[in-house]
Number of protein chains: 2
Amino acid sequence: MDPAAAPIDFRTEPSRYKHWKLSTENGVAYLTMDVNEEGGLKPGYKLKLNSYDLGVDIELADAVQRLRFEHPEIGAVVIRSQRDRIFCSGANINMLGLSTHDHKVNFCKFTNETRLAIEDASTHSGQTYICSINGIAAGGGYELALACEQILLADDGSSAVSLPELPLLAVLPGTGGLTRLVDKRMVRRDHADFFCTTAEGLRGKRAREWRLVDQLIPPSKLVEQTQKIAEEVAAKSSRPRDAKGIALPTVERRFDGDTIRYANLTVEIDREGRSAKFRLNGPSSAPPDDVHAAGAAFWPLALAREFDDAMMHLRLNETEIGTWVLTSQGDAALVEAHDALLAEKADDWLVREIVLYWKRTLKRLDVSSRSLIALIEPGSCFTGTLLEVALAADRSYMLDGVFDGSNLPAATVRLTDMNFGPYPMGNGLTRLATRFLYDPGHVDTLKNQAREPLDAAAADEAGLVTFIPDDIDWEDEVRLAVEERAGFSPDGLIGMEANLRFPGPETMETKIFARLSAWQNWIFQRPNATGPEGALKLYGTGKQSKYDRKRA
Amino acid sequence: MDPAAAPIDFRTEPSRYKHWKLSTENGVAYLTMDVNEEGGLKPGYKLKLNSYDLGVDIELADAVQRLRFEHPEIGAVVIRSQRDRIFCSGANINMLGLSTHDHKVNFCKFTNETRLAIEDASTHSGQTYICSINGIAAGGGYELALACEQILLADDGSSAVSLPELPLLAVLPGTGGLTRLVDKRMVRRDHADFFCTTAEGLRGKRAREWRLVDQLIPPSKLVEQTQKIAEEVAAKSSRPRDAKGIALPTVERRFDGDTIRYANLTVEIDREGRSAKFRLNGPSSAPPDDVHAAGAAFWPLALAREFDDAMMHLRLNETEIGTWVLTSQGDAALVEAHDALLAEKADDWLVREIVLYWKRTLKRLDVSSRSLIALIEPGSCFTGTLLEVALAADRSYMLDGVFDGSNLPAATVRLTDMNFGPYPMGNGLTRLATRFLYDPGHVDTLKNQAREPLDAAAADEAGLVTFIPDDIDWEDEVRLAVEERAGFSPDGLIGMEANLRFPGPETMETKIFARLSAWQNWIFQRPNATGPEGALKLYGTGKQSKYDRKRA
């Protein structure tokens, strides 16, 4: 198969890594970057100087994920480079120049999600990331460092951090750099301004004084000091040093024409209608006594992994499929029983990881630039964790009553403890709190209805669903909604959805996806960056861009 | 002069309004929209159906401003339409289709600032805006309503509110509509999704139940009920019913080649260097005993009006001038004396208005898409209110010492009470609090240094300035900084500055300028909207756009 045409596969494992080495010692994991120049995901560019493309980041995301599940004994993770004078030079510029607009944008979104997953591990999972920089950390290289909790820099007169995107390429750092500079590291805005306009970046004392790095370490002592610092951090971790991890085998899936079949999920693509129908299946049996023994087969974990994989597959490989229709099927009581177990055993390290993973998976859904329509029909099981999927939708339709000629009883939805805290959105609020911003007291009222099956009228009254057509109207109303969506401009929908989905407070995370990404997308469309004479196209040719000077 | 080439003039007054009628009665002002179809700012389009262009909004902004200063007796403002079945149909689509990208973006920014000025009047000035809708309020028409504190809608089966931008034009509502829907009115996100994809909008009971409007009123009673409601609101206003307003005469300015001369401000444009140097002059005498008698000649008010006018002139008419160099000249002690008076008489209605106006003017500077470089030289008076201008800059240079051969003493900067509260940025924090996010205690420390002249070393130590070159380095360092800025991509700079200037909390206001505007700018660049086959270009032709379906 032509490698340029092959779908991008997000499934990997350490033995297949081309660009990273993963090792562990004394409670510390070392993620060592050593990018294979010839190992680009697509043909046409070489990954020189530890630069990366989506393939490099897929491995990083896999490593971050596996460390959480397979390595309970790891309390700190060091990110470093195998190379002598280069830490990482960021996203590969030739790759960017060759990429379509939608690939660039989807690439940046995934790398952002991975950086946030790193921070999530540091904050919630007891695996604190430390970046140890020898040589140059430029652009995306420094942004990777910014996602870590500590940045150690070799004090050797040449090791430096920089964000040279604006001066060299006329674009923005695309992986949260600007936001993390001023919001996470709280670098003074005038210092940030100077730093981001200085292509060669900063090093040594000024880098530390301006809060760009945390510690300067003589180069001869960098390895040893990094290890010492990481081991100290690991020693304080809440993770159970003596526990045994669970294995994450490859997520199995089968392409069957336009249908993708996973064990607990089916995705049917309707190319003409430009939509994909997800059917998330509930568990087939009661929760196991021992979650650890069940491992990756434990239903909530298995489904999250499949759902995550399906979303990434569709995002990158099916960009014309603009609407995701979300359905579920199964026994609500069994979903509720699994949720009860997740709530009850919240302190177990593995259960904690599974819940945190669902949190991230639901956030992945929130920031997917696809229209999301939930259909709640007889036979569905939108309960607790699965109800979050419907609450993440832009709108939902719930059948009021039964389908004529079907013996399935009327659909119900159910709230569980999992709807009231464990799955906050990027804005820091639960989906219910976000939904009922106008009446926070209503969320408390809903707590009293937890575990009660709510039929369409009750769900509507509770504000949990958008429309409740009956059997007579259902088919037309749903079909029109999905068809109408497919008729709108995808760009307009992306902007609208990005603005309506996240009311209320903003966080570093929502700033990255909304503010920073939106500006970057704009700049990626501007001739000054991506036109034939734009800086991104001319980079490396020695030619100078002639910019349109008008300020918008 | 060719009207298409004439510079856009932001100075107007009620006797020259073409599109609005302003009347007052019983403490209530009535701003009645009756757009003159033939009165467009530029040739080529007709302002049908109470649609607007920048010229219509310039009059609205002028009226909002004059009501605050000239009408202390007004406690409520009603916005309504003169037309029978149409309230306002939003921004004129033919005008948008004919406009350059930079004009569209700058137009939206100004209309956004005007909507925020309306909300500022309601919140801080005791002039509460009420919108009374008979007929259709579509797009920008409904967004104007959203900027008001109450929305009254005729309950007549045809009056409706709508945001049809996405379905009809493939763009977003550009004046805060999406943000205000979910963040101000806290409309549920699924309701907002349906509403924004329904071109004809909503009316009657559903419009009220979904929180889109506040009250439904039978059409025969709309005028009388609106008056009653407004008079009740006005009666509760904190404004002094018996006070006498001050007149706001036309801001005088003179074009002298590339120099613009105001009484208290000079702007010199360097076309080759693509920069403009602002020189804000300090007061020439001690503050008057009676601010009311001084009126529009009172230095802080006079300078704010001139600065505001200059910024708007440059934004719309000088889009290639990408850097604003900010300087000041005058007696710091006199600035300090004026600040002391502003602080001391903060409860006087007129002083309150002047301070609120400076707040808005400084916010206008914050969101101007120009690089801002402050130069603090001997002879300058960056004190208190004027120091905010330097703190708003992306970076500042302060001469350490004196210029060789000059007898001007070394520059100092001074903090006053005005730096510690009255001028919050859009993010709700003062510029000092935003600057020192990493150490909030430092702001308290600075309070102890208020009114102390700080020389370059002290200002640097206090973190108030970026660089302090001495006489030997000054010229080269400043010249290089300004030249370097002019060499960068304007688009990249806009995005970078928008991301670095507003760390910390986000508000509806920062969301509108950062998140919503950035997405809109992106969409304005996308062929699906503005390409030759884009929806904005084909609107009204009967032709259907063929969209690129890829989701970015």
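Residues numbered from 1 in each chain as written. Chains lettered and ligands numbered in written order. Predicted model: local features only at pLDDT ≥ 70, side-chain atom pairs only at ≥ 80, totals over all residues. Heavy atoms only, no water.

Before going further, it helps to spend a moment on the pairing of strand S9 (residues 150–154) of chain A. Looking along a regular strand, one sees side chains alternate from face to face of the sheet. All names here are of chain A. Summarising burial for S9: 4 of the 5 residues are buried, a large majority. Inspection of the sheet shows strand S7 (residues 128–133) paired to S9 by 4 bridges, in the parallel sense. Residue pairing for S9: Ile130 is matched across the bridge by Gln150. Bridge analysis of S9 against strand S11 (residues 215–217) gives 3 bridges, and the strand direction is parallel. Across the sheet, the residue bridging to Ala154 is Ile217, located in S11. (Buried < 20%, exposed > 50% of the residue type's maximum accessible area, 1.4 Å probe, protein only. Helix = DSSP H or I, 4+ residues; strand = E, 2+ residues; numbered from the N terminus. Pairing = 2+ DSSP bridges.)

Time to look at a negative patch on the surface. Residues and elements named next belong to chain A. On the surface, Asp400, Asp455, Asp460, Glu461, Asp470 and Asp473 cluster together into a patch of negative charge. Relative to the helices and strands, Asp470 resides in the loop between helix H17 (456–461) and helix H18 (471–487). For Asp470, a relative accessible area of 31% corresponds to the partly exposed category. (Patch = residues over 30% accessible without salt bridge, like charges linked within 9 Å, V, L, I, M, F, W, Y side chains within 5 Å. Areas by Shrake-Rupley, 256 points an atom, 1.4 Å probe, with all protein chains shown as cover. Salt bridge = Lys/Arg side-chain N within 4 Å of Asp/Glu carboxyl O. Lys, Arg positive; Asp, Glu negative; His and termini not counted. Charge placed at Lys NZ, Arg CZ, Asp CG, Glu CD.)

The next point concerns the interface of chain B and chain A. Contacts between chain B and chain A engage 88 residues on the former and 88 residues on the latter. Here chain B packs against chain A, burying approximately 8,600 Å² in sum over the two surfaces, 57% of which is carbon and sulfur. One can count 16 salt bridges joining chain B with chain A. In this assembly, chain B and chain A are joined by 58 residue pairs in polar contact (both at pLDDT 80 or more). With 12 residues, the top contributor of residues to the side of chain B that touches chain A is helix H20 (residues 508–525) of chain B. Counted by class, the side of chain B that touches chain A contains 40 nonpolar, 21 polar and 27 charged residues. (Contact = heavy atoms within 4.5 Å. Buried area = accessible area lost by both parts, 1.4 Å probe. Polar contact = N/O pair within 3.5 Å; in protein donor to acceptor, adjacent residues only side chain to side chain. Nonpolar A, V, L, I, M, F, W, Y, C, P; charged D, E, K, R; others polar.)

Let us look at the packing of aromatic side chains. Within this structure, the stated rule accounts for 28 aromatic pairs over all chains. Arranged with centres 5.2 Å apart and planes meeting at 65°, the rings of A:Phe10 and A:Phe110 form a pair that is edge-to-face. Here the residue A:Phe10 occupies a position in the segment before strand S1 (20–25), and A:Phe110 occupies one in helix H3 (residues 101–124), the gap between them amounting to 100 residues. Taking 6.1 Å as the distance between ring centres and 75° as the angle between the ring planes, the aromatic pair formed by A:Phe69 and A:Tyr357 counts as edge-to-face. Residue A:Phe69 is located in helix H1 (residues 54–70), and its partner A:Tyr357 is located in helix H13 (residues 349–366); the two are separated by 288 residues in the primary sequence. Relative accessible area serves as the criterion here: at 0%, A:Phe69 is assigned to the buried category. For A:Tyr357, a relative accessible area of 5% puts it in the buried group. Aromatic ring contacts, followed pair by pair, group A:Phe194, A:Trp210, B:Tyr397 and B:Phe467 into a single cluster. Sitting above the plane of the A:Tyr52 ring, A:Arg115 keeps its charged end 5.8 Å from the centroid. A cation sits over an aromatic face here: B:Lys104 above B:Phe524, 5.4 Å from the ring centre. (Phe/Tyr/Trp six-rings, centres within 6.5 Å; stacked < 30°, edge-to-face > 60°. Lys NZ or Arg CZ within 6 Å of the ring centre and 35° of its normal.)

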